Amino acid sequence: MSSSTTSSIEQEIELGGNAMIERVKRDIEVVNEYLKSPKNSDDDNAFYQHQKSQLRQEESQLRRLKLLLMQRTPPPPPTPSIPVKQQVANTLFLEEMRKEIAAIFQEALTKTNRATPQKSPSSFGAGELRRLERLGHVHSPDEEGKGEAVLTNEQARSLLQLETEHQMVAFLTPFLAALFQCNGASSNRVLVNSEAYKWLKTSNDENSAAYNQNPDMFICHKSIYKKRDPFDAREDDKLLQMRRSTDVFGQLSNWDLRRFLYLVLDAKKDIDDSAFGQTINYGAHLSLGENSPITVRLVLFDRESFWLVQTVKGTASSVRKCRWVDGGSKSRLEKFMLQDPVIEILDKACFELGLVPEVDGYLGGGAFGLVFKVCDQNGAALALKIVLDVHDKVAELQRQMAITNEAQRKCPHLIVGVEENSFRKFDKLGAVLLFSEVGNHYSSLSKKAIFDSLQELHDNNIAHGSARVDNVVCVNGEAKWIDLQRAYIWNTGGSVSELGKRDYRDLMESIKRSQYFD
């Protein structure tokens, strides 16, 4: 590469980096202008300060990236002259480098998944409410509604006397738990208090730890939440007195499980534009990235009323306003809850097979299905695999059952087996298969133990077909294989040489990508 080419690359890095940095600095100036507004609420100012902090971090990140790219630019070799052909080649090379440099800087910004400068929750909420009103998608309370109210007049007066949102949540918890049939010994549904535990992610960057929002409550199946201790309330005697031993505290156990939430609830002393803006932002964030729900249902409530808020693909689609004492409000609130077919299958399967789902029992999942930890009537831990009735997945699960049984007969010490008569199909929903053991994570095993177990499978004429390290578990200190739906077995003779080589390549590549092995 000539000295002129190297110099041009350095110029492109300088220009590209400066352009991106200037863009971020302009956004900071916009946020500073927002901060000067005397109409801002405390929430608005806190929001803008957070946005400003994010922008400062982006500016610093771009400066570091610019410096790194400059350091990676190779030194030019001494060349007395440049032939015409080489000049043309250099021009084409520079054009490609220009595009690549621009893409690198652009990726640095898009990875943060920001939309700055944004409107504050207050202005965003006001604008969205006006939009929904114009569309006729805001429904006012029904003063003459028929049916039972969520609260009696006396209970509503007690709610009005409360001073803090924590107290409001504690007061309403038993009413909401009873209405949605949560937290009982015979119920798999839980109303989770998440006031003090951040679980809602605001960025779809895989490397981001931006779990920085915590709606006050959510309703879900007990298998998808992580239990936490009640938060410290020693400074609020009234709150301590209102708590009950049946109250549940915690957070969503895995971000990929957000599509299985029944309902998200948030308390405010008074519902205003800012509260509504924050609520629909929750809906937008829950719809970020892969494995996200299309529809999210949220309940925003204060001391007098509650709003049933629905978002579709991250955008507010409807609002129904109700008062706690309105006739029929109890039925409206109860029917507002969503349920995913996977969770419906889980409950039906546990009932038919006499199983009990575990709290925080999600074991993993992927394109083929999801696996939950359950217990039988003797307390033994088992793994229940669930697939939906789409794209021949039910037939694939049946094939997995057959080939797992055959492989387990040949190598019972290397294969996690299937419980007898445990396949169940549920019309128009999906199917389940129950496995006999719940292993520990493969990180408990050595690489040698994993490779030796794969070799032994091959020695017994079994090719796994998807020999990734994620398909190995540790059972009593030994390696066992799972997910054999792509396996191939020779009963007599034959060779697994070609399939075996692919198994080894798959295993090697997955171990290289694993964070648990050097």
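Residues numbered from 1 in each chain as written. Predicted model: local features only at pLDDT ≥ 70, side-chain atom pairs only at ≥ 80, totals over all residues. Heavy atoms only, no water.

Here we come to the overall build of the protein. When you go through the protein residue by residue, the secondary structure sums to 13 helices and 20 strands. Counting over 518 residues, the protein shows a buried share of 47%. Element-wise, carbon and sulfur atoms account for 47% of the exposed surface of the protein, whose accessible area totals about 26800 Å². (Helix = DSSP H or I, 4+ residues; strand = E, 2+ residues; numbered from the N terminus. Buried < 20%, exposed > 50% of the residue type's maximum accessible area, 1.4 Å probe, protein only. Areas by Shrake-Rupley, 256 points an atom, 1.4 Å probe, with all protein chains shown as cover.)

The next thing to look at is the sheet that holds strand β7 (residues 248-252). The mixed open sheet is built from nine strands, whose spatial order is β1-β11-β10-β9-β8-β5-β2-β7-β6. Each edge of the sheet is formed by a strand with only one pairing partner; in this case those strands are β1 (138-139) and β6 (225-227). Looking at chain direction, strand β5 (residues 217-221) and strand β8 (residues 263-267) are connected through three bridges and run antiparallel. Of the residues in β8, the one forming a bridge with methionine 217 is leucine 265. Those strands touched by helix α4 (residues 121-135) are β1, β10 (305-312) and β11 (315-323), and its axis lies near 85° from that of β11. (Pairing = 2+ DSSP bridges. Contact = heavy atoms within 4.5 Å. Axes fitted to C-alpha atoms, helices over the stretch in contact; angles between N-to-C directions.)

This part is about the packing of aromatic side chains. Here the structure, examined in full by the defined rule, presents nine aromatic pairs. Ring geometry for phenylalanine 306 versus tryptophan 324: centroids 4.8 Å apart, planes at 45°, classification tilted. With phenylalanine 306 in strand β10 and tryptophan 324 in the loop between β11 and α9 (329-335), this residue pair connects regions lying 18 residues apart in the sequence. Phenylalanine 306 gets classed as buried once you look at its relative accessible area, which sits at 0%. Judged by relative accessible area, which is 1%, tryptophan 324 ranks as buried. Here the aromatic cluster, defined as three or more aromatic residues joined through ring pairs, consists of Phe301, Phe306 and Trp324. Over the ring of tyrosine 262 we find arginine 189; its NZ or CZ atom is 5.5 Å from the centre of that ring. Cation over ring: arginine 243 sits above phenylalanine 231, and NZ or CZ is 4.5 Å from the ring centre. (Phe/Tyr/Trp six-rings, centres within 6.5 Å; stacked < 30°, edge-to-face > 60°. Lys NZ or Arg CZ within 6 Å of the ring centre and 35° of its normal.)

In this section: the sheet that holds strand β16 (residues 430-435). One open sheet holds the five strands; their spatial order is β12-β13-β14-β16-β15, and the pairing between them is antiparallel. Only two strands of the sheet have a single partner each, and these edge strands are β12 (356-365) and β15 (424-426). Across the sheet, the mean angle separating the axes of adjacent strands is 25° when strand polarity is ignored. The strands that helix α11 (residues 393-410) touches are β14 (381-388), β15 and β16; relative to β16, the one it contacts most, it runs at about 20°.

Gaps left between atoms are located by rolling a probe of water-molecule size over the structure's atoms. Summed over all chains, the structure comprises one cavity of 30 Å³ or more. For the largest cavity, the calculated volume is near 90 Å³. Lining the largest cavity are 14 residues, and of these Val169, Thr173, Asn193, Asp247 and Phe249 sit closest to its centre. The set of elements that each furnish at least two residues to the lining of the largest cavity consists of α6 (165-179), β2 (189-193) and β7. Among the elements that take part in the lining of the largest cavity, α6 stands out by supplying four residues, more than any other. Among the residues forming the lining of the largest cavity, the class breakdown is eight nonpolar, three polar and three charged. (1 Å grid on protein atoms, 1.4 Å probe; cavity = no way out; pocket = protein on both sides within 12 Å on 5 of 7 lines; lining within 4 Å. Points joined across faces, edges and corners; volume = space filled by probe spheres on them. Nonpolar A, V, L, I, M, F, W, Y, C, P; charged D, E, K, R; others polar.)

UniProt's feature table lists "binding site: ATP" (unreviewed entry) at Lys385, given in the numbering used throughout. Considering the arrangement of structural elements, one finds lysine 385 in strand β14. Overall, the relative accessible area of 3% leaves lysine 385 in the buried class. Not counting the four nearest positions on each side in its chain, lysine 385 is found in contact with Phe368, Leu370, Val371, Leu397, Gln400, Ala431, Val432, Leu433, Phe435, Asp483 and Gln485. (UniProt positions renumbered as here; feature names shortened; annotations may be inferred.)

For the structure shown, the criterion picks out 13 salt bridges. In this structure, the salt-bridge partner of arginine 323 is aspartate 326, at a minimum N-O distance of 3.1 Å. By relative accessible area, which is 29% here, arginine 323 ends up partly exposed. (Salt bridge = Lys/Arg side-chain N within 4 Å of Asp/Glu carboxyl O.)

Phe301 and Leu333 are the most contacted members of the largest nonpolar core, which has 85 residues in total. Look past the residues within four positions of phenylalanine 301 in its chain and what remains in contact with it is Met168, Val169, Leu172, Met217, Leu265, Asp266, Ala267, Lys268, Ile271, Phe306 and Trp324. If you look at the next biggest cluster of nonpolar residues, it comprises 24 residues, including Ile450, Ala467, Ala487 and Leu507. (Core = buried A, V, L, I, M, F, W, Y, C linked by side-chain atoms within 4.5 Å.)

A few words on the side chain of serine 466. Within the secondary structure, serine 466 sits in the loop between β17 (462-463) and β18 (472-475). Assessed through its relative accessible area of 12%, serine 466 is described here as buried. Setting aside chain neighbours within four positions, we find serine 466 in contact with Asn471, Arg486 and Asp503.

Interaxial distance between α4 and helix α8 (residues 273-286) falls to 7 Å at its minimum, and their mutual angle equals 85°. When the axis of α4 is compared with that of α8, the two are roughly perpendicular. In this structure, α4 contributes Pro121, Ser122, Phe124, Gly125, Ala126, Glu128, Leu129 and Leu132 to the contact, and α8 contributes Asp273, Ser274, Phe276, Gly277, Gln278, Ile280 and Asn281. Looking at the contact of α4 with α8 residue by residue, the class counts come to seven nonpolar, six polar and two charged. (Parallel < 35°, antiparallel > 145°, perpendicular 65-115°, else oblique.)

What follows concerns the state of the cysteines. The tally for this structure, following the rule as stated, stands at zero disulfides. No disulfide involves cysteine 350; its sulfur sits 9.9 Å from that of cysteine 375, the nearest cysteine. When its relative accessible area of 4% is taken as the criterion, cysteine 350 is described as buried. (Disulfide = S-S within 2.5 Å.)

For the rest of this paragraph, the subject is the environment of phenylalanine 249. Here phenylalanine 249 is to be found in strand β7. A relative accessible area of 5% places phenylalanine 249 in the buried class. On a C-alpha basis, the gap between phenylalanine 249 and alanine 196 in space is 8.9 Å, while along the polypeptide they are 53 residues apart. Apart from the residues lying within four places of it in its own chain, the contact partners of phenylalanine 249 are Val192, Asn193, Tyr197, Tyr225, Lys226, Lys227, Arg228, Asp229, Pro230, Phe231 and Arg243.

Attention now goes to the confidence of the model for the protein. Within the protein, residue pLDDT values average 84, and 81% of them lie at 70 or more. Within the protein, the lowest mean pLDDT, 52, falls on helix α3 (residues 84-110), and the highest, 97, falls on β8. This model gives residues 74-80 a pLDDT under 50, and the stretch forms nine contacts once residues within four places in sequence are excluded. This model gives residues 84-90 a pLDDT under 50, and the stretch forms four contacts once residues within four places in sequence are excluded. (pLDDT = per-residue confidence, 0-100.)

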